[in-house]
Amino acid sequence: MERNKINIHDKFLPQKDFDLLKNELVVNNSFPWFLNYNKVYGDGVVQFTHTFYYDFTPNSPYYDYLLPVFKILMPNAIKRIKANLTLKSDKIKPYGMHQDFNDKLSLDQMKTGILYLNTNNGKTFFKDEKEIESIENRMVIFPTSMMHSGSTHTDQPVRVVINFNWF
């Protein structure tokens, strides 16, 4: 992948696979979300998260719902997979610019992907001022070294994304 290349893939998953994943995380009221008091490195912005995979180890009984994603991404190794759920806000504003990991190996070789589980007016911003709209079943893939930020949203009760970090 080129150093600063952003790839956008609409209709990323086959519809039946996407519907299963979306129903489990967004529609099903029994999916376990966990309160997190920081969105980006101590910013104090509250969100709900679910870590499927961390530090090269599955961390969730819902991990198998992601197998269709792996068939497409074909990762050599996964570092982290985390779903983020944010609540509706009164205005749209970006969170802090960041890289998901900043160690040399991650910055040189890792990829980051954001899979949007619902359409809303929140966005993903990049330092070069490129903006990506949150459209369900869209996957945005970019080098982990690229600075990026999510944003608040105002038109839906929640914004749900799954963040993938892999080699």
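The preceding data block contains the structure.
Description of the structure in this document.

Analysis parameters
Residues numbered from 1 in each chain as written. Predicted model: local features only at pLDDT ≥ 70, side-chain atom pairs only at ≥ 80, totals over all residues. Heavy atoms only, no water. Helix = DSSP H or I, 4+ residues; strand = E, 2+ residues; numbered from the N terminus. Rg over C-alpha atoms; globule rule 2.2 N^0.38 Å. Buried < 20%, exposed > 50% of the residue type's maximum accessible area, 1.4 Å probe, protein only. Contact = heavy atoms within 4.5 Å. Areas by Shrake-Rupley, 256 points an atom, 1.4 Å probe, with all protein chains shown as cover. Lys, Arg positive; Asp, Glu negative; His and termini not counted. Charge placed at Lys NZ, Arg CZ, Asp CG, Glu CD. Pairing = 2+ DSSP bridges. Phe/Tyr/Trp six-rings, centres within 6.5 Å; stacked < 30°, edge-to-face > 60°. Lys NZ or Arg CZ within 6 Å of the ring centre and 35° of its normal. Salt bridge = Lys/Arg side-chain N within 4 Å of Asp/Glu carboxyl O. Core = buried A, V, L, I, M, F, W, Y, C linked by side-chain atoms within 4.5 Å.

### Observations concerning the overall build of the protein
The secondary structure content of the protein amounts to three helices and 11 strands. Of the regular secondary structure in the protein, the N- to C-terminal order runs β-α-β-β-β-α-β-α-β-β-β-β-β-β. The C-alpha radius of gyration of the protein comes to 15 Å, within 12% of the 15 Å expected for a compact globule of 167 residues. Projected onto its principal axes, the C-alpha coordinates of the protein cover approximately 35 × 35 × 30 Å. Split into buried and exposed, the 167 residues of the protein put 49% on the buried side. Taking the contacts inside the protein whose residues are at least 6 apart along the sequence as the reference set, 74% of them involve residues at least 24 apart. Summed over all atoms, the accessible surface of the protein reaches about 8,700 Å², with 51% contributed by carbon and sulfur. Each charge class in the protein can be summarised by its mean position, and for the 20 positive and 18 negative side chains these summaries are 1 Å apart.

### Focus: the pairing of strand β8 (residues 131–134)
Alignment of strand β7 (residues 120–126) against β8, held across four bridges, turns out to be antiparallel. Its bridge partner lying in β8, Phe 125 is registered against Glu 131. Counting the residues that bridge the hairpin from β7 to β8 gives four residues, and of these Glu 129 lies at a positive phi of roughly 75°.

### Side note on the packing of aromatic side chains
Inspection of the entire model under this criterion finds seven aromatic pairs. Both rings, one in Phe 31 and one in Trp 33, keep their centres 5.2 Å apart while their planes meet at 65°; by these two values the pair is edge-to-face. Relative accessible area serves as the criterion here: at 5%, Phe 31 is assigned to the buried category. Judged by centre distance (5.5 Å) and plane angle (45°), the ring pair of Tyr 63 and Phe 70 falls under tilted. A relative accessible area of 11% means that Phe 70 is categorised as buried. Above the face of the Phe 101 ring, Lys 79 is positioned so that its terminal group lies 4.4 Å from the ring centre.

### A short note on the pattern of salt bridges
Applying the stated criterion to the full structure yields seven salt bridges. The partner of Arg 138 in a salt bridge is Asp 10, and the shortest N-O contact between them spans 2.5 Å. Of this pair, Arg 138 sits in strand β9 (residues 138–143) while Asp 10 sits in the loop between β1 (7–9) and α1 (15–27), and the two are 128 residues apart along the sequence. Between Arg 80 and Asp 100 there is a salt bridge, and its shortest N-O distance comes to 3.9 Å. Of the two residues, Arg 80 sits in strand β5 (residues 78–87) while Asp 100 sits in the loop between β5 and α3 (104–109), which places them 20 residues apart along the sequence. Note on accessibility: Arg 80 and Asp 100 belong to one class, buried.

### Overview of the nonpolar core
Phe 52, Ile 81, Leu 115, Ile 162 and Phe 164 are the most contacted members of the largest nonpolar core, which has 27 residues in total. Elements that contribute at least two residues to this core include exactly α1, β3 (47–54), α2 (67–73), β5, β9 and β11 (158–166). Excluding residues within four positions of it along the chain, Ile 81 makes contact with His 50, Thr 51, Phe 52, Tyr 53, Leu 66, Phe 70, Ile 162, Asn 163 and Phe 164. Counting nine residues, the second-largest nonpolar core is a separate cluster that includes Phe 126, Ile 132, Val 140 and Phe 142.

Function cannot be inferred from these measures alone, as they are strictly geometric.
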